[in-house]
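Here is what each chain is made of, one letter per residue.
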Amino acid sequence: MFVFLSKKISIPNQIKLHAIAWNWEAGWIACGGEHGLLKVLLLDHGPNSNKVMGGTNLSLNQPLDGHEKSSVEVMAWSHAAEKVTTADTNGAIIVWHLHRGTWAQEMINRRPQSFVRDICWNFDGTKVSIVYDDGGVIVGNVGGARLWAR
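None of these values were measured; they are calculated from a predicted model. (Residues numbered from 1 in each chain as written. Predicted model: local features only at pLDDT ≥ 70, side-chain atom pairs only at ≥ 80, totals over all residues. Heavy atoms only, no water.)

A. The arrangement of the sheet that holds strand β7 (residues 92-99) in detail. Taking strand neighbours across the sheet as the criterion, the four strands line up as β5-β6-β7-β8 in an open arrangement whose pairing is antiparallel. In this open sheet, the two strands that pair with only one neighbour each are β5 (72-78) and β8 (102-110). Ignoring strand direction, the axes of neighbouring strands in this sheet form an average angle of 20 degrees. Pairing analysis gives six bridges linking β5 to strand β6 (residues 83-88), with the strands arranged antiparallel. Considered in β6, the bridge of A76 is made with T85. (Pairing = 2+ DSSP bridges. Helix = DSSP H or I, 4+ residues; strand = E, 2+ residues; numbered from the N terminus. Axes fitted to C-alpha atoms, helices over the stretch in contact; angles between N-to-C directions.)

Set out below in structure tokens:
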């Protein structure tokens, strides 16, 4: 089976996107790019959505602030914990969570000497691994504690 998603999402001022991540279980999409652009969108896939005609509405389109003066390059969803982690070119990593219908910063970590190459959550959302451009690797838990580093 193949899935094809086609939805036009407005990006302000012709800003270029550099990263996109989809939480297919809950219908969330996060996209990030130049000038700190970060948006979280919720695709309406409830019982009233137009599945026959392929129509899907956005039930939430929230811009998130926190990566100013940098480019959002990497992001990853924790499907189990319903969190998204984003990283920018200035070394900032932000974990976002849904709080009372609005996305908010849960945790911020800054490591300006290198930028993030990849982020990956484990299957049950309890651990996250972060790989840096300089070869550094950090494994942490969902509460923010460092479990391992190299």
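B. Up close: unusual backbone geometry. Of note in the backbone geometry, H35 takes a positive phi value of approximately 55 degrees without being a glycine. Inspection of the secondary structure assignment puts H35 in the loop between β2 (28-33) and β3 (38-44). Unlike most non-glycine residues, K69 shows phi in positive territory, near 60 degrees. Take K69: it is sitting in the loop between β4 (57-63) and β5.

C. The arrangement of the nonpolar core in detail. Of all hydrophobic cores here, the largest spans 16 residues; its most connected members are W28, V40, M75, W77, W96 and W103. Listing elements by their share of this core, those giving two or more residues are β1 (17-23), β2, β3, β5 and β7. Setting aside residues up to four positions removed in sequence, W28 forms contacts with A21, W22, N23, V40, L41, L42, L60, W77, E82, L98 and W103. If you look at the next biggest cluster of nonpolar residues, it comprises 11 residues, including V74, V116, I119 and I130. (Core = buried A, V, L, I, M, F, W, Y, C linked by side-chain atoms within 4.5 Å. Buried < 20%, exposed > 50% of the residue type's maximum accessible area, 1.4 Å probe, protein only. Contact = heavy atoms within 4.5 Å.)

D. Focus on the sheet that holds strand β9 (residues 116-121). The strand order β9-β10-β11-β12 describes an open sheet built from four strands, whose pairing is antiparallel. Strands at the two margins of the open sheet, each flanked by one partner only, are β9 and β12 (146-149). Here the average twist between neighbouring strands, direction ignored, is 15 degrees. Pairing analysis gives five bridges linking strand β10 (residues 127-132) to strand β11 (residues 137-141), with the strands arranged antiparallel. Opposite V131, over in β11, you have V137 as the bridge partner.

E. Representation of the packing of aromatic side chains. Summed over the entire model, instances satisfying the criterion amount to two aromatic pairs. Here the aromatic rings of W77 and W103 are separated by 5.5 Å at their centres, their planes lie at 75 degrees, and the arrangement is edge-to-face. Taken together, the positions of W77 in strand β5 and W103 in strand β8 put the pair 26 residues apart, joining distant regions of the chain. Across this residue pair, the class does not change: W77 and W103 are buried. The ring of Y132 carries R111 above its face, with NZ or CZ at 4.1 Å from the centroid. (Phe/Tyr/Trp six-rings, centres within 6.5 Å; stacked < 30°, edge-to-face > 60°. Lys NZ or Arg CZ within 6 Å of the ring centre and 35° of its normal.)

F. Molecular detail of the environment of V40. Note that V40 resides in strand β3. For V40, a relative accessible area of 0% translates into the label buried. For the pair V40 and Q62, spaced 22 residues apart in the sequence, the C-alpha separation amounts to 5.3 Å. Look past the residues within four positions of V40 in its chain and what remains in contact with it is W28, I29, A30, L60, N61, Q62, L64, W77 and W103.

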